[in-house]
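# Structural overview
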Amino acid sequence: MSDAYQLLSLQLAKISFPLLDCPLDQLADIEHAQLESKKLSAKITLKVPSQQFLAQLQQQLTSQLQALPEIESVELSLKWQVVAQATKSEGKLAQVANIVAIASGKGGVGKSTTTVNLALAFAAQGAKVGVLDADIYGPSQHRMLGIKQGPQVTESNSMIPVENYGVKAMTMGVLVEEDNPMVWRGPMASGALLQLINETEWGQLDYLFVDMPPGTGDIQLTLSQKVPVSGAVIVTTPQDIACIDARKGLAMFEKVQVPVLGVVENMSTHICSSCGHAEPIFGEGGGEKMGEDFNVSLLGRLPLALAIRQQSDEGKPTVVAEPDSAAAQEYAKIALKIAADLLKIAQGEDDQPSIMISDDE
Ligand SMILES: Nc1ncnc2c1ncn2[C@@H]1O[C@H](COP(=O)(O)OP(=O)(O)OP(=O)(O)O)[C@@H](O)[C@H]1O
């Protein structure tokens, strides 16, 4: 290892990546490093989406390096690029680097709200992001993303995803009338879902989020088996019953050997929109307990807040409506944790012990 490389690695290790408790050397590759006549020139690639932090990190690293006696001047090029999973997707998903399923055992816990805000948090970091709304019976991503138009269809009859706020999306919600109830049985719904996946021109994506329908039935199994999902995130509320259902979700991913990246506890405390008072109306610590019991990390917690509901109902979710709010920051932190976990999996460093769950849970 050259002196320049060693010097640089040491300094990278002293910097913590913003919002993540993780030293920079674990998230970066030194592409090139040279020390000549006290001038250090280097090229570094960060492996998680970091658009908002590049300038700040470049400045911090440069001043650390310039403070070293061996160095007088520094020429640093810092960029980021997401690492694709080794298991290659096929067909229209061939250019998708990472596929993440967002799931819950129980309905109505805020899975779609979490999905859209996480996708937007990734987009804010410059990542190319898509959302597949796999909730065939109750699609909602088009409304949350404020999308009214249907997809364009190519000459070869595939669909161009609809797009807003830099996020590409495909959902039944833009293909059928809003008040046209879906009456398909399981296999038909699974077929429709596969069509959505296989006939959408996703193009090049760093992350595709799959907003899973609630439950652990046919559709969920089809999806987990037919799509090379890189990792799953479980959304739960702190209530015990939601947690029991979420545990079933965890168990399903374990069965189909999809790593569970962690748990998001949604609606964890109620924040009064008038006085700001916080109250744990759905109980406390459910997500944390589930994380501890099954050895998966608690990725973050979102409060039950009127603004989160209003903003997603209005088609402008929190991350774009109020990017500086505490909730948007929490989504940003969760997104980065997901990116860091996916990086570990892509690099074969996933050291998470497997989850032991009995069938009757
Ligand atoms: N943290 C939150 N604070 C306030 N309201 C929220 C929060 N998260 C979600 N909601 C609201 O709760 C309702 C259900 O959320 P969402 O549709 O995201 O849940 P879901 O788990 O995807 O539901 P489904 O099972 O129907 O797919 C929505 O009206 C949403 O705006």
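Small disclaimer: the values here were computed from a predicted structure and weren't measured.

### Describing the overall build of the protein
If you tally the helices and strands in the protein, you get eleven helices and 16 strands. Radius of gyration (C-alpha) of the protein: 21 Å, near the 21 Å computed for a compact globule of 361 residues. Counting only C-alpha atoms, the protein reaches 75 × 55 × 45 Å along its principal axes. The buried share of the protein, taken over its 361 residues, is 52%. Looking at the protein alone, contacts between residues at least 24 apart form 75% of all its contacts between residues at least 6 apart. Taken as a whole, the protein presents about 16,400 Å² of accessible surface, with 48% of it coming from carbon and sulfur. Positive and negative side-chain charges in the protein, numbering 26 and 43 respectively, have mean positions lying 2 Å apart.

### Let's talk about the domain arrangement of the protein
Considered domain by domain, the protein is made up of domain 1 (3-80) and domain 2 (91-347). The interface is formed by 14 residues belonging to domain 1 together with 16 residues belonging to domain 2. Counting each side, the surface lost to burial between domain 1 and domain 2 is near 1,200 Å², with a carbon and sulfur contribution of 68%. Per-residue buried area on domain 1 facing domain 2 is highest for L19, L20 and P49; these three make up 47% of the total on that side. Taken together, the connections running from domain 1 to domain 2 amount to zero salt bridges. Across the domain 1-domain 2 interface, the total number found is three residue pairs in polar contact (both at pLDDT 80 or more). For the side of domain 1 that touches domain 2, the residue count by class is nine nonpolar, four polar and one charged.

### Some details on the pairing of strand β11 (residues 231-236)
The buried fraction of β11 is high, at six of six residues. Burial of the side chains of β11 extends over both faces: G231, V233 and V235 are buried on one face and A232, I234 and T236 on the other. Where β11 meets strand β12 (residues 260-265), five bridges bridge the pair, whose relative direction is parallel. Bridge pairing in β12 links V235 to V264.

### Section: helix α2 (residues 54-66)
Look at α2: 18 Å from first C-alpha to last across 13 residues, which is about the 18 Å you get at 1.5 Å a residue. Those residues of α2 that sit buried are L54, L57, L61, T62, Q64 and L65. One side of α2 carries all its buried residues, which in axial view fall inside an arc of 165°. Pointing more than 90 degrees away from the buried face of α2 are the exposed residues A55 and Q59.

### Details of the environment of L93
Take L93: it is sitting in the loop between β3 (73-80) and β4 (96-103). For L93, a relative accessible area of 5% puts it in the buried group. Sequence spacing of L93 and E201 is 108 residues, and the spatial spacing of their C-alpha atoms is 8.1 Å.

### Description of the packing of aromatic side chains
If you walk through the whole model with that rule in mind, you get three aromatic pairs. Between the aromatic rings of F17 and F53, the centroid separation amounts to 5.6 Å while the plane-to-plane angle is 90°, which identifies the pairing as edge-to-face. Of this pair, F17 sits in the loop between α1 (3-13) and β1 (28-36) while F53 sits in the loop between β2 (39-46) and α2; the two residues are 36 residues apart in sequence, bridging distant segments of the chain. Taken individually, F17 and F53 each receive the classification buried, so the pair is uniform in this respect. Seen from their ring centres, F122 and Y207 are 4.2 Å apart, and the 40° between their planes marks the pair as tilted.

### Observations concerning the sheet that holds strand β15 (residues 298-301)
Pairing within the open sheet is mixed, and its eight strands lie in the order β8-β9-β5-β10-β4-β11-β12-β15. Across the chains shown, the open sheet's two edge strands, defined by having one partner strand only, are β8 (162-164) and β15. Taken over all neighbouring pairs, the strand axes of this sheet differ in orientation by 25° on average, direction set aside. Where strand β5 (residues 129-133) meets strand β9 (residues 167-171), five bridges bridge the pair, whose relative direction is parallel. Its bridge partner lying in β9, L132 is registered against M170. This element, helix α11 (residues 326-346), spans β4, β10 (205-211), β11, β12 and β15 of the sheet and lies at about 170° to β15.

### Digging into the nonpolar core
Core analysis: the biggest nonpolar cluster contains 114 residues, and F17, F209, F253 and I338 have the highest contact counts within it. Sorting elements by how many residues they give to this core places α11 first, with twelve residues. Each of two domains, domain 1 (3-80) and domain 2 (91-347), supplies a minimum of three residues to this core. Excluding residues within four positions of it along the chain, F209 makes contact with V100, I102, T115, L118, A119, F122, V129, G130, V131 and L132.

The rules behind each value
Residues numbered from 1 in each chain as written. Predicted model: local features only at pLDDT ≥ 70, side-chain atom pairs only at ≥ 80, totals over all residues. Heavy atoms only, no water. Helix = DSSP H or I, 4+ residues; strand = E, 2+ residues; numbered from the N terminus. Rg over C-alpha atoms; globule rule 2.2 N^0.38 Å. Buried < 20%, exposed > 50% of the residue type's maximum accessible area, 1.4 Å probe, protein only. Contact = heavy atoms within 4.5 Å. Areas by Shrake-Rupley, 256 points an atom, 1.4 Å probe, with all protein chains shown as cover. Lys, Arg positive; Asp, Glu negative; His and termini not counted. Charge placed at Lys NZ, Arg CZ, Asp CG, Glu CD. Domains from an automatic or database assignment. Buried area = accessible area lost by both parts, 1.4 Å probe. Salt bridge = Lys/Arg side-chain N within 4 Å of Asp/Glu carboxyl O. Polar contact = N/O pair within 3.5 Å; in protein donor to acceptor, adjacent residues only side chain to side chain. Nonpolar A, V, L, I, M, F, W, Y, C, P; charged D, E, K, R; others polar. Pairing = 2+ DSSP bridges. Expected span 1.5 Å × (residues − 1). Arc of directions from axis to C-beta. Phe/Tyr/Trp six-rings, centres within 6.5 Å; stacked < 30°, edge-to-face > 60°. Axes fitted to C-alpha atoms, helices over the stretch in contact; angles between N-to-C directions. Core = buried A, V, L, I, M, F, W, Y, C linked by side-chain atoms within 4.5 Å.

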